[in-house]
Amino acid sequence: MGSILIFIAFASALLASVSYFSAHFGKTNAVRFGRFFFHVAAIATISSAAFLLYLIITHQFQYTYVWNYSSRDLPFNLLLSTFYAGQEGSFHLWAFLMALIGIFLVTFVSKRDGAKDRYEPQVMAVFTLLQSFLLFILIVKSPYEFVWQSFPGDVQVGFVPPDGRGLNPLLQNFWMTIHPPILFAGFSALAVPFSFAVAALMKNDYTRWLKLAMPWTLFAGMVLGLGIMLGGYWAYGVLGWGGYWGWDPVENSSLVPWIIIVAAIHTMISEQTTGRFKKTNLLLCMLAFIFVLYSTFLTRSGILGDASVHSFVDPGQEVYLFLVVFLSLFSIGGIGLIIFRMKSLAVPKEEKSTELLSRETALFIGTITLCAAALVIAVGTSWPIISKGTVDPSFYNKMNLPLAILIAAINGFSILLKWKNSDEKQFIKSLYMPVILTAAATITLVIFGLDDVLMGVFAAASLFALFINADNIFRMVKTNSMKAGPYVAHLGIMVLFLGVIGSAQYSQEENVSLPIGEPKEVLGYKLTYLKATPFPDDPNKYHFNVAVEKDGKSYWLQPVMFYSDYNQGVMKNPDYAALLTKDIYISPMGLEVPEKYAKDDKINIKKGETADVKGLKVKFIDFDRSKFNRDDMASGKENIIAAELEVTDGTMKETIIAEQHIHEGESEPVEVQLSGNTRFSFFFTQMNLQEEAQVEIAVVDNLAPKKEEPAETLVATASIKPFISFVWVGTGIMVLGFFFSIVNRYRKLRQENETIKHISGNGHESKVHTNGGNKKPHSKHKQHA
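Residues numbered from 1 in each chain as written. Predicted model: local features only at pLDDT ≥ 70, side-chain atom pairs only at ≥ 80, totals over all residues. Heavy atoms only, no water.

A. Focus on the overall build of the protein. Counting its regular elements, the protein contains 22 helices and 19 strands. Contacts in the protein between residues at least 24 apart in sequence constitute 68% of all its contacts with a sequence separation of at least 6. (Helix = DSSP H or I, 4+ residues; strand = E, 2+ residues; numbered from the N terminus. Contact = heavy atoms within 4.5 Å.)

Below you can see the structure in the form of structure tokens.
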């Protein structure tokens, strides 16, 4: 059923695109067919998504995708998130979100314009073509393949596995249910300005597309920016390396489209005011989505398999080639259209001149700077393709720091400038207050420890822009808070910049060993490891409780460690206390548990031989495998191997079985004693079968004086992250600013459409009235009206 729905969706999306292209070439009736087929495609795509969710929720493990990523023990929210845990599901999520956005888009473009200036055929022709490509990928790499189709010869037809492999423990987090859908919503939304840009070129009409595309462009920027930063927050709280952005190639590939679309937003505003930057806006709107496709190619082709922890495995030659075609077609097609329309896009000579001291000039310089940052990141991200190697994170930091300083400074200056021309004296006068405030704030930061010159300049530029934007927000909130949206977004980015300076440059870190119950002074705080407590719903996962104290205030941190069968290793999750100006962050590294025996207590005995140990004669008879199961061993289940020992203490001889429990890759010797003599304890510590059977045992004399042994010790990395909360607060403010801007732009567009309708209506009435009485208007008047 799922495969049928996908095929219907693909065929309908393709027919919708053909219908809309026919409407563009003059067959106006084809618009109705285009709408019909698009809605069929959208319904089939959404139905397929619902069906896949049903298969996951009801544990239909006969489907390879369901078996590969879900399991019966997952909580409901994580079970839902397995929908997009793999290649096939994430493509389906993208297609699903494209369908949802498309439903709103087709309504938007069909009602915004009159028949003469309607953008629906062109916009939806491109959008549905994009959708058909995504759906075709789901046909080539289907989430509805059965396990016997995936593993022919190994799995019998009709076999249903009792349980699935489960979700990667790194993904078993609350943010898994939120971050990917938001990120893919941003990717999907970027298809809209791309479609509008191509539509404008198809129509060869560049007067109205900007106003129609602007709310969607702002929405794409808002959602994609939020998705990227949620990914950073997830990494900060789960991975344990103490940061939120590691310049991973896959992370970078989503950042580049966002930077480009932010640049496009600013030049689009400039074109609406001055009429300039037509080619720039068309190119940037296209490049933003082209880089989404490039990001998809990098992430899912397997090229970055060795360069990124986020990269998917090789999807197969068919999908690889199709991704190349997908990327090439829309890249060459879009940019080729701009070249084809170059004469129409030429700026008249009288419009080419512009004043240096103007807002549009500042915005253009800012756009070039943003694009330079995007280029630096794109080149570094693509380096594994160019040279089969990776770029060190310091490359991005060194190259982007000067650009970030320019972006912050230009943002502040541009707001103080007027459109087209600014009075020099008035501009200089407007600089006095923000410069004084910036100087005072920067000097304060230097006094408190800001000692890096470039970081100092970056902080000064960010503060400069922050004060100017804050002043504009204060002025506008009194009249219309929605108009303050751009300044709110800028303010958020400057707050984020300040958070980056504090957390990246001035973090303190120290590796520490915390014996249980013993306080340690670390980075000005007293840390005490109290105990380990198992999770209520999973006894194999442990919280390692650490008390953090300073100046009478205490915080309870609970980093986590557990063994993962899925990853065949120990998983470690940090914990932190979020304070107003800093975070106290603890990342676990390991647990040192004292052994029940000393190194001197150990002895090796070959099979059949007897050794004298602490007045005892101990003979190794053989290994006892009666409780051992090789299959359980391979699957990581608990197993027991034992050594049969004959012990003589001078008065009696006794045979004992010393066991060793093996579970999840670790072994635990079990203490055993003689029935009539509790003085000695025996432990089976190690076995050797390579040359001849040999056992290592530990014999402990319980009456002997005990050496002082180290207590259970938590080994961890403790760090202080100054002002990292500014990163998250700045992101929230930025998103709020985007939202205000979207609402304001939508209101303007709606008012403009109502005005056009009102003028059209009045114009028709006045023409009828001028003909007087009951006479009908002349045909030329009808045409004019």
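B. Region of the structure containing helix α18 (residues 453-477). Taking 1.5 Å of rise per residue, the 25 residues of α18 would be expected to cover 36 Å, and the 36 Å separating its terminal C-alpha atoms lies within 8% of that figure. The residue sitting at the N-terminus of α18 and contributing the capping side-chain oxygen is Asp 452; that oxygen lies 3.2 Å from the backbone nitrogen of Leu 454. (Expected span 1.5 Å × (residues − 1). Polar contact = N/O pair within 3.5 Å; in protein donor to acceptor, adjacent residues only side chain to side chain.)

C. Local environment of the nonpolar core. Trp 94, Phe 196 and Trp 209 are the most contacted members of the largest nonpolar core, which has 178 residues in total. Ranked by the residues each element gives to this core, the list is headed by helix α10 (residues 209-238), at 17 residues. Leave out the neighbours within four places in its chain, and Phe 196 touches Leu 105, Phe 108, Val 109, Tyr 119, Val 123, Trp 209, Leu 212, Ala 213 and Trp 216. In terms of nonpolar packing, the next biggest core, distinct from the first, is built from 22 residues, Val 613, Ala 643, Ile 662 and Val 672 among them. (Core = buried A, V, L, I, M, F, W, Y, C linked by side-chain atoms within 4.5 Å. Buried < 20%, exposed > 50% of the residue type's maximum accessible area, 1.4 Å probe, protein only.)

D. Quick peek at helix α16 (residues 393-416). Along its 24 residues, α16 runs 35 Å from first to last C-alpha, staying within 8% of the 34 Å computed at 1.5 Å per residue. The largest bend along α16 measures about 35 degrees and falls at Asn 400, with the proline Pro 402 one to four residues further on. (Bend = angle between axes of the 7 residues up to and from the residue.)

E. Quick peek at the pairing of strand β19 (residues 713-722). Counting buried residues in β19 gives 10 out of 10 residues, a clear majority hidden from the surface. Residues of β19 alternate between two faces, with Thr 713, Val 715, Thr 717, Ser 719 and Lys 721 on one and Leu 714, Ala 716, Ala 718, Ile 720 and Pro 722 on the opposite face, all of them buried. For strand β1 (residues 508-515) and β19, the ladder comprises eight bridges, and the chain directions are antiparallel. Across the sheet, Gln 508 pairs through a bridge with Ile 720, a residue of β19. Here 10 bridges tie strand β9 (residues 582-592) to β19, and the two strands are oriented antiparallel to one another. Within β19, the position partnered with Tyr 585 by the bridge is Ser 719. (Pairing = 2+ DSSP bridges.)

F. Region of the structure containing the confidence of the model for the protein. Averaged over all residues, the pLDDT of the protein equals 86, while 89% of them reach at least 70. When the criterion is pLDDT under 50, residues 764-785 qualifies, and its contacts beyond four places in sequence or with other chains add up to nine contacts. (pLDDT = per-residue confidence, 0-100.)

G. Structural context of the environment of Glu 609. With respect to the helices and strands, Glu 609 occurs in the loop between β10 (602-606) and β11 (610-613). Residue classification places Glu 609 among the partly exposed positions, given a relative accessible area of 42%. What Glu 609 contacts, discounting residues up to four positions off in sequence, is Val 618, Lys 619 and Phe 620.

H. Expanded view of the sheet that holds β9. With antiparallel pairing, four strands are arranged side by side in an open sheet as β1-β19-β9-β8. In this open sheet, the two edge strands, each paired with only one partner strand, are β1 and β8 (575-578). Each neighbouring strand pair of the sheet contributes to a mean axis angle of 20 degrees, computed without reference to strand direction. Alignment of β8 against β9, held across four bridges, turns out to be antiparallel. (Axes fitted to C-alpha atoms, helices over the stretch in contact; angles between N-to-C directions.)

I. Structural view of the sheet that holds strand β17 (residues 677-688). On the basis of which strands lie adjacent, the open sheet formed by four strands has the order β10-β18-β17-β16 and antiparallel pairing. One side of each edge strand has no neighbouring strand; the edge strands of this open sheet are β10 and β16 (672-674). Each strand axis lies, on average, 35 degrees off the axis of its neighbour in the sheet, ignoring direction. In this sheet, strand β18 (residues 694-701) lies alongside β17 in antiparallel orientation, the contact comprising eight bridges. Across the sheet, the residue bridging to Phe 682 is Val 699, located in β18.

J. Local environment of the pattern of salt bridges. Taken as a whole and judged by the stated rule, the model has 10 salt bridges. With its nearest N and O atoms 3.9 Å apart, the salt bridge here joins Lys 141 to Glu 88. Taken together, the residues span a long stretch of sequence, with Lys 141 in the loop between α6 (120-140) and α7 (147-150) and Glu 88 in helix α5 (residues 87-111) at a distance of 53 residues. You can call Glu 88 buried: its relative accessible area is 15%. Where Asp 601 meets Lys 614, a salt bridge forms, and the shortest distance between an N and an O atom there is 2.6 Å. Placement of Asp 601 in the loop between β9 and β10 and of Lys 614 in the loop between β11 and β12 (616-624) is noted, with a sequence separation of 13 residues between them. (Salt bridge = Lys/Arg side-chain N within 4 Å of Asp/Glu carboxyl O.)

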